[in-house]
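Observations on chain architecture
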Amino acid sequence: MRKNINKLNSTFSIQSFEGGYDKNFSYILTCLKTSESIIIDASLHPSILKLSQENKPSAIFITHSHNDHVKYIKNFDDCFPGIQIVGHPESKLNTSKNNYIPSMHNSTVKVGKLNIKTLHTPGHYFDSICFYLENIIFTGDTMFVGRTGRTISNGSDIEDLYNSIYKTLLSLPKSTIIYPGHNYGEVPSISIRKNIEISPLLQASDKNDFLNKMKDYEKNR
Ligand SMILES: [Fe+2]
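All values derive from a computational prediction rather than experimental measurement.

1. Let's talk about the coordination of the iron ion
The iron ion binds to the protein through His 64 (NE2), His 66 (ND1), His 124 (NE2) and Asp 141 (OD), with metal-donor distances spanning 2.2 to 2.3 Å. Considering all four donor atoms around the iron ion, the spread of angles at the metal, 86 to 177°, places the coordination shape in the irregular class. Counting gaps between the donor residues of the iron ion yields the pattern H-x1-H-x57-H-x16-D. Pair noted here: His 64 is in the loop between strand E5 (59-61) and helix H1 (67-70) and Asp 141 is in the loop between strand E11 (136-140) and strand E12 (143-144), with a separation of 77 residues, a long-range link. Neither residue differs from the other here; His 64 and Asp 141 are each classed as buried.

Set out below in structure tokens:
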């Protein structure tokens, strides 16, 4: 497990924790004006995030329902009864309806003074979501440092991934910093501009070119 603290500006901080199934990241995002915090992905046990009842998170935001990202939801629920779970409306998660907040595409959830926008980005998985605020975005397994997510599971769709990457994520300001769901790159997070520079899968000229590049990538793994 590795922990990093980023204080990106005066309105929020991000703590990142690495571990879980395969270099997974969980993040604590804190509004510095109100001290309210949330977790991004239940990939690591709550004890690793060193949370206490005094600084308990108000919610867990789930980027998609692959097991490695939701594994510890029940443990969070046990530690912090009533903690809210924010996720895709079609996700099937191990949590009660009472504390589940389905988040629609382009909707905004408030955390303290922060406005966190939900962007549905299917492709890696049908219920993939990115969470966007100010100059950063949590991209789950839709986009990593150095490449896109893969489309090899049931519930993946390569054409959806093309649209999510090229029409949604790459249309954000290029200075936006991505915080992915796994530490698969040379650095844990990166600007979209730099990520395009280092990632052939983010340099496709059109959909067919992307499909071919993805095929090559899978063939050479
Ligand atoms: Fe995944």
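2. With respect to the pattern of salt bridges
For the structure shown, the criterion picks out six salt bridges. Two residues, Arg 150 and Glu 218, come together in a salt bridge whose shortest N-O distance is 2.5 Å. Of the two residues, Arg 150 is situated in the loop between strand E13 (147-148) and helix H3 (158-168) and Glu 218 in helix H5 (residues 207-219); the sequence distance between them amounts to 68 residues. The exposure class assigned to Arg 150 is partly exposed, which follows from its relative accessible area of 22%. Glu 218 gets classed as partly exposed once you look at its relative accessible area, which sits at 23%. The partner of Glu 197 in a salt bridge is Lys 194, with the nearest N and O atoms 3.4 Å apart. Of this pair, Glu 197 and Lys 194 are both found in helix H4 (residues 192-198), three residues apart, which corresponds to roughly one turn of the helix.

3. Looking at the pairing of strand E4 (residues 37-40)
Side chains of E4 alternate between two faces, with Ser 37 and Ile 39 and Ile 38 and Ile 40 buried alike. Note: strand E3 (residues 24-31) against E4, four bridges, orientation antiparallel. Considered in E4, the bridge of Leu 29 is made with Ile 38. Counting the residues in the hairpin turn of E3 and E4 gives five residues, including Ser 35, whose phi is positive at 70°. The pairing of E4 with E5 spans three bridges and is classified as parallel. By the bridge assignment, Ile 40 is partnered in E5 with Phe 61.

Criteria and thresholds
- Residues numbered from 1 in each chain as written.
- Predicted model: local features only at pLDDT ≥ 70, side-chain atom pairs only at ≥ 80, totals over all residues.
- Heavy atoms only, no water.
- Donors = N, O, S within 2.8 Å, 3.2 Å for Na, K, Ca; no water.
- Tetrahedral: all angles 85-135°; square planar, octahedral: opposite > 155°, others 65-115°.
- Helix = DSSP H or I, 4+ residues; strand = E, 2+ residues; numbered from the N terminus.
- Buried < 20%, exposed > 50% of the residue type's maximum accessible area, 1.4 Å probe, protein only.
- Salt bridge = Lys/Arg side-chain N within 4 Å of Asp/Glu carboxyl O.
- Pairing = 2+ DSSP bridges.

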